[in-house]
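Chain residues, written in single-letter form:
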Number of protein chains: 4
Amino acid sequence: MKDIQNQKDTREIDIQKVGIKRLELPLIIQRKNNSDQIVCARARVSVSLPGHYKGTHMSRFVEVLNDWTAKNLLGIDIKGCLKDIIRTLEAQSGELEFKFKYFIEKKSPVTGLAAPMSYECSFRGELDGDDYKFILGTAVPVTTLCPCSKEISENGAHNQRAYVKVNVSYDEHVWLEDLIELIESCASCPVYPLLKREDEKYVTERAWENPKFVEDVLRDAVLKLRAHPLIQEFEVECEAFESIHNHSAWAYQAESR
Amino acid sequence: MKDIQNQKDTREIDIQKVGIKRLELPLIIQRKNNSDQIVCARARVSVSLPGHYKGTHMSRFVEVLNDWTAKNLLGIDIKGCLKDIIRTLEAQSGELEFKFKYFIEKKSPVTGLAAPMSYECSFRGELDGDDYKFILGTAVPVTTLCPCSKEISENGAHNQRAYVKVNVSYDEHVWLEDLIELIESCASCPVYPLLKREDEKYVTERAWENPKFVEDVLRDAVLKLRAHPLIQEFEVECEAFESIHNHSAWAYQAESR
Amino acid sequence: MKDIQNQKDTREIDIQKVGIKRLELPLIIQRKNNSDQIVCARARVSVSLPGHYKGTHMSRFVEVLNDWTAKNLLGIDIKGCLKDIIRTLEAQSGELEFKFKYFIEKKSPVTGLAAPMSYECSFRGELDGDDYKFILGTAVPVTTLCPCSKEISENGAHNQRAYVKVNVSYDEHVWLEDLIELIESCASCPVYPLLKREDEKYVTERAWENPKFVEDVLRDAVLKLRAHPLIQEFEVECEAFESIHNHSAWAYQAESR
Amino acid sequence: MKDIQNQKDTREIDIQKVGIKRLELPLIIQRKNNSDQIVCARARVSVSLPGHYKGTHMSRFVEVLNDWTAKNLLGIDIKGCLKDIIRTLEAQSGELEFKFKYFIEKKSPVTGLAAPMSYECSFRGELDGDDYKFILGTAVPVTTLCPCSKEISENGAHNQRAYVKVNVSYDEHVWLEDLIELIESCASCPVYPLLKREDEKYVTERAWENPKFVEDVLRDAVLKLRAHPLIQEFEVECEAFESIHNHSAWAYQAESR
């Protein structure tokens, strides 16, 4: 059979990224406590393609990813898998990204009852020759309570669920568990999967004592991300689904050392 | 050219609904104040198909809908349009549904500043012979403030944005504007597109004075929907995106006279 | 602390369903081959609430679900978990639904290479006194090739990805693996996660030899679902994301014995 | 009442972007043929905030946007509106983005029947001092037919709906209508809202004669975008929702003069 993809292309356009998107596969993730977690990941993977090739060989992306996941080799070695992809596709550069829900057992603040809570997370590797960059991402739900509403009102203060999205790059390793904890400590209060009455009293009062605009959550996160010994580069945003509006308040910051 | 759709089918299965989904088209909606509003609608339209026909003629759905919208005939006459569809497709029964964002100008509660606010709405008609049923739907964002959190906490109370979805059937006409107002009056407080500081004080305090579980919002809505002189049948649900959890509280009720 | 939820409500409205939505938790599902699969499930769970109670106790839903999943007791015993929920909440009736992506290893049709493929699936139980109903659901991606386009064109025929959604009720057990296979056999061709060139030739030609409207896929599914010895009730729909339009073709059928 | 936002902040962190997201409002867009179109837009708007201010004044964003839309001043003057926002918020820089569905009347290729077709579009302005950048975006649905599948199969070739997303920057003006036409000309075939049998024969055969990988669509788009006299910078990607897989093929390129 003819290999159409291998035919010569005359347009002479080097393609920066070509590959596949929305491929779902089970992934074994290494946790901070040395145990594993199986997640349902959505992958996007691509390589560069020189101008003289008509097309890339899409099925090879699936084959390499399948090899790595079937053998449970991945753990957190995105770089190794990406190297294999680039070698197999005979490419100069490539990118590999997984998005998945990750469960962390979380204890209620007073009663100490534990239940799993899911966080939207992502691993992303970019490799160009020997240049490698890894980006760890997560979106952390939290509570924000409005300082202005608290100040001007006789009683109460509007509060709401907000999501803090963060992407970080580093040389050594940062665990999702630690990154999520760092972010949760910047909000009016963390959110929990399971709260009994004593816990509900606690989180209500803690948010009340700790009013924060999206600007405040962002700035506190920026301070902690700047101070982190391993993080080289970060991007952080806070979006609060305002309880008094049908739109969101939003703040964004990106910095690198 | 052969008309494959008109060929005889031997499986002898009458199909209940066949048609098209996710067709987007501009629609002119009649407003309560007699003016018009152009909305971007997503349509689902279908007819029944007797067992001896292989297929329906999908392009005719688009033609009839296009005729009606191009001539601005629709207004609120879903039944007329649906009759035309059923006649054109030579069918026994049919359904026509539009989903769209509808803007209502809303005044801030204290300063009186007006701004448009969008509501997810739907029109749905079902016609079987002479039997016609129309269902008007909307999803109304509101604030709910937790009675339990208020009661047990020293200060504050968790509150959040909730959505009350309602579908109603009636003989005569009910306006979207009135249905939305009915629903908003059942919450701890309505939400607004534009709030100055005086308004924010007002909505914070009003929610505080008016704590409601999703059960309370639902029950108050049920009382008002039962008492409405024109509504024959309704379905209502309240989902609160809890500010202290990453999941929702939810309540649901369906009733008919 | 006061138990606000236990207070008397004077509106005298029995609530049909009250509970929580969008709770994510890891679930261990029993597979047809007797092994397990851990999935990331999104739960909706609710109970009925008598008119004299002000509110239900939301945290108990999370506690019971957490108990069952932490002890890996679920398997496929939705009924047992639902009974426990109803007992704990002192309710008359209840519903429990999980939605999740389920992976099945699928072999390429010619080269026989295996790779996991994900299917959107759902388990849903409804219990009212002793009356129990279980609904198994899935959305199966397939290829459809248009019979009309093939007939009238010199060469080629438009084809596209379609999704067949099916919900079935039964007394004894039906496996997801079998239900998915039943549905795939009704399309122009199944879709695969991994196809080498020989496989791509095969699926292209198989779809060509097997042209189907959404009406055809639906009717073939209806025939097989009617003929299934265990299925008592079903709902099936086929939506084709037409490659020549920006909207879908759609057909729907619901039947019970 | 105290102005909490105006209080001094001691963290000394200049915030890059703070504002609101997911605000929906009706917008009057100027069309190429000099008429107008009312669209339902979703806005994200933000400004920079100096380190010594605690917070921005969120309600002012809504006020300025409301002023501009109520008076129908917008047309395509994103820059004017953004200047007003920056002046009102006393900021150094700002961004304003609208996302909306835009309808273009499209004629069937043989029968010439016209019907509206919707395209996801966006306007985005970035202003920093006197530095202004405008980005026009759209996602264009098209048909792609696989060259490999056509070559290796006895009959037929798999084809599918693909979306070509493009963002362009320019000094003078580029119309959405022209950008969409440029993109549609790069695919195996455009897609249409309304196709009679003669049209269906035409589009089937045209796609057959014109097989394209996502790489081909991308390269043809790159050639035309490079050759465009007004476009200074572009980003283009093609994602094909493969009819033989449950994942997408994808290609991406970004270039500037």
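Residues numbered from 1 in each chain as written. Chains lettered and ligands numbered in written order. Predicted model: local features only at pLDDT ≥ 70, side-chain atom pairs only at ≥ 80, totals over all residues. Heavy atoms only, no water.

Participant: Go over the overall build of chain A with me, naming the residues and quoting the values.
Facilitator: Scanning chain A from terminus to terminus reveals 6 helices and 9 strands. With respect to the principal axes defined by its C-alpha atoms, chain A has extents near 75 × 40 × 35 Å. Counting only residues that meet the buried cut, chain A has 63% of its 257 residues in that class. If you take every contact in chain A between residues at least 6 apart in sequence, the share linking residues at least 24 apart comes to 64%. On chain A, the mean spot of the 34 positive side-chain charges and the mean spot of the 41 negative ones are 3 Å from each other. (Helix = DSSP H or I, 4+ residues; strand = E, 2+ residues; numbered from the N terminus. Buried < 20%, exposed > 50% of the residue type's maximum accessible area, 1.4 Å probe, protein only. Contact = heavy atoms within 4.5 Å. Lys, Arg positive; Asp, Glu negative; His and termini not counted. Charge placed at Lys NZ, Arg CZ, Asp CG, Glu CD.)

Participant: Please set out the domain arrangement of chain A residue by residue, giving values where relevant.
Facilitator: Residue and element names in this part refer to chain A. Taken as a whole, chain A is organised into domain 1 (11-101) and domain 2 (108-257). Averaged C-alpha coordinates put domain 1 and domain 2 at centres separated by 29 Å. Between domain 1 and domain 2 lies a buried interface of about 1900 Å² when both sides are counted; carbon and sulfur atoms form 60% of it. Three residues stand out in domain 1 for area buried against domain 2, namely Lys-32, Phe-100 and Lys-101, and they jointly supply 31% of the buried area on that side. In this assembly, domain 1 and domain 2 are joined by 3 salt bridges. As a salt-bridge pair, Glu-95 and Arg-124 come within 2.9 Å of each other at their nearest N and O atoms. Where domain 1 packs against domain 2, one counts 11 residue pairs in polar contact (both at pLDDT 80 or more). Put simply, the parts of the chain that give the side of domain 1 that touches domain 2 at least two residues each are β1 (15-30), α2 (78-88) and β3 (93-107). If you tally residues by element for the side of domain 1 that touches domain 2, the top one is β3, at 9 residues. Looking at the side of domain 1 that touches domain 2, its residues break down into 8 nonpolar, 5 polar and 10 charged. (Domains from an automatic or database assignment. Buried area = accessible area lost by both parts, 1.4 Å probe. Salt bridge = Lys/Arg side-chain N within 4 Å of Asp/Glu carboxyl O. Polar contact = N/O pair within 3.5 Å; in protein donor to acceptor, adjacent residues only side chain to side chain. Nonpolar A, V, L, I, M, F, W, Y, C, P; charged D, E, K, R; others polar.)

Participant: Requested: an account of the interface of chain D and chain A, with residues and values cited.
Facilitator: A common way to state how big an interface is: give the accessible area lost once the parts meet. Between chain D and chain A, the residue contacts involve 55 residues of the former and 55 residues of the latter. Here chain D and chain A share an interface that buries about 4600 Å² over both sides, 55% of which is from carbon and sulfur atoms. Together, Ile-13, Arg-219 and Trp-250 of chain D form the three largest contributors to the area buried by chain D at its contact with chain A, with a combined 18%. The interface formed by chain D and chain A holds 14 salt bridges in total. Glu-239 of chain A serves as the salt-bridge partner of Lys-21 of chain D, at 3.2 Å between the closest nitrogen and oxygen. At the junction of chain D and chain A, the tally comes to 34 residue pairs in polar contact (both at pLDDT 80 or more). Going through the elements one at a time, β1 (15-30), β2 (36-49), α1 (58-70), α3 (147-152), α6 (214-227), β8 (231-240) and β9 (248-256) of chain D are the ones with two or more residues in the side of chain D that touches chain A. Of the residues that constitute the side of chain D that touches chain A, the class distribution is 26 nonpolar, 11 polar and 18 charged. When β1 of chain A meets β9 of chain D, the two strands line up antiparallel, connected through 5 bridges. Bridge pairing in β9 of chain D places Val-18 of chain A opposite Ala-251 of chain D. (Pairing = 2+ DSSP bridges.)

Participant: Residue-level account of the relation of the copies chain D and chain A, with values.
Facilitator: Note on the identical chains: chain D maps onto chain A by a rotation of 180° and an axial translation of 0.0 Å, with an RMSD of 0.0 Å. The superposition of one copy onto the other is thereby described by a two-fold rotation axis. Interface residue correspondence from chain D to chain A reaches 100%, placing this contact among same-surface, isologous pairings. (Least-squares fit on C-alpha atoms with pLDDT ≥ 70 in both.)

Participant: Run through the environment of Ile-78 of chain C, naming residues and quoting values.
Facilitator: Residue and element names in this part refer to chain C. If you trace the backbone, Ile-78 turns up in helix α2 (residues 78-88). Residue class for Ile-78 comes out buried when judged on its relative accessible area of 1%. When the C-alpha atoms of Ile-78 and Gly-125 are compared, they prove to be 6.2 Å apart, with 47 residues separating the residues in sequence. Not counting the four nearest positions on each side in its chain, Ile-78 is found in contact with Leu-96, Phe-98, Phe-123, Gly-125, Tyr-132 and Phe-134.

Participant: Run through the confidence of the model for chain A, naming residues and quoting values.
Facilitator: Mean pLDDT for chain A: 95, with 98% of residues reaching 70 or above. Two summary scores accompany this predicted model of the complex, namely pTM at 0.96 and ipTM at 0.94. (pLDDT = per-residue confidence, 0-100.)

Participant: Please give an account of the pattern of salt bridges that cites residues and values.
Facilitator: Considering all chains together, one arrives at 96 salt bridges over all chains under this definition. Between Arg-124 of chain C and Glu-97 of chain C there is a salt bridge; the shortest N-O distance is 3.0 Å. Of this pair, Arg-124 of chain C sits in strand β4 (residues 114-128) while Glu-97 of chain C sits in strand β3 (residues 93-107), placing them 27 residues apart in sequence. On the basis of relative accessible area, Glu-97 of chain C is assigned to the buried category, the value being 15%. A salt bridge links Arg-44 of chain D to Glu-95 of chain D, with the nearest nitrogen and oxygen atoms 3.7 Å apart. Note that Arg-44 of chain D is positioned in strand β2 and Glu-95 of chain D in strand β3 (residues 93-107), a separation of 51 residues in sequence. Overall, Glu-95 of chain D belongs to the buried group, its relative accessible area being 13%. If you follow the salt bridges from partner to partner, you end up with Asp-9, Arg-11 and Lys-54 of chain A together with Lys-212, Asp-216, Arg-219 and Asp-220 of chain D in one network.

Participant: Quick rundown of the packing of helix α1 (residues 58-70) of chain A against α2 of chain A? Include the residues and the values.
Facilitator: Geometrically, a packed helix pair is captured by the angle between its two axes and the distance between the axes. All names here are of chain A. Two numbers describe how α1 lies on α2: the axes approach to 10 Å, and their chain directions differ by 145°. Between α1 and α2 lies a crossing of right-handed hand. Counting all contacts with α1, which are made through Arg-60, Phe-61, Val-64, Leu-65 and Trp-68, the residues of α2 involved are Gly-80, Cys-81, Asp-84, Ile-85 and Thr-88. Considering only residue class, the contact of α1 with α2 consists of 6 nonpolar, 2 polar and 2 charged. (Axes fitted to C-alpha atoms, helices over the stretch in contact; angles between N-to-C directions. Left-handed = near helix turned anticlockwise from the far one by under 90°.)

Participant: Tell me about the packing of aromatic side chains, and please be specific about residues and values.
Facilitator: This structure, assessed with the given rule, holds 24 aromatic pairs over all chains. With 5.8 Å between their ring centres and 50° between their planes, Phe-123 of chain A and Phe-134 of chain A make a pair best called tilted. Placement of Phe-123 of chain A in strand β4 (residues 114-128) and of Phe-134 of chain A in strand β5 (residues 131-145) is noted, with a sequence separation of 11 residues between them. Look at Phe-123 of chain A and you get buried, because its relative accessible area is 4%. Where Tyr-163 of chain B meets Phe-241 of chain B, the ring centres are 6.0 Å apart and the plane angle is 90°; that geometry is what we call edge-to-face. One end of the pair, Tyr-163 of chain B, is in strand β6 (residues 159-170); the other, Phe-241 of chain B, is in the loop between β8 (231-240) and β9 (248-256), and 78 residues separate them in sequence. Overall, the relative accessible area of 27% leaves Phe-241 of chain B in the partly exposed class. By way of ring pairs, the aromatic residues Phe-100, Tyr-102, Phe-123, Phe-134 and Tyr-170 of chain A are connected into one cluster. (Phe/Tyr/Trp six-rings, centres within 6.5 Å; stacked < 30°, edge-to-face > 60°.)

Participant: Tell me what's going on with the relation of the copies chain B and chain D, and back it up with residues and numbers.
Facilitator: Superposition of the two copies of the chain requires a rotation about an axis together with a shift along that axis. When chain B is brought onto chain D, the operation consists of a screw motion whose angular component is 180° and whose axial shift is 0.0 Å, with 0.0 Å RMSD remaining. Looking at chain B, 100% of its interface residues are interface residues in chain D too, so the copies touch through the same face.

Participant: Report on the interface of chain B and chain D, specifying residues and quantitative values.
Facilitator: Taken together, the contact between chain B and chain D spans 29 residues of the former and 29 residues of the latter. Interface of chain B and chain D: buried area, both sides summed, is about 2500 Å²; carbon and sulfur atoms make up 59% of it. Taken together, the links from chain B to chain D amount to 6 salt bridges. Note that Arg-197 of chain B is salt-bridged to Asp-3 of chain D, the shortest N-O span being 3.4 Å. Remark: the boundary between chain B and chain D carries 16 residue pairs in polar contact (both at pLDDT 80 or more). Residue assignment for the side of chain B that touches chain D shows that the elements contributing at least two residues are β1 (15-30), β2 (36-49), α1 (58-70), β3 (93-107), β4 (114-128) and α5 (197-209) of chain B. By residue number, the principal contributor to the side of chain B that touches chain D is α1 of chain B, which donates 5 residues. Here the residues of the side of chain B that touches chain D are counted per class, giving 14 nonpolar, 4 polar and 11 charged.

Participant: Which residues make up the state of the cysteines, and what values do they have?
Facilitator: Per the counting criterion, the structure on display carries 0 disulfides over all chains. In this structure Cys-40 of chain D is a free cysteine whose sulfur lies 7.2 Å from that of Cys-40 of chain B, the closest cysteine sulfur available. Given a relative accessible area of 22%, Cys-40 of chain D falls into the partly exposed group. (Disulfide = S-S within 2.5 Å.)

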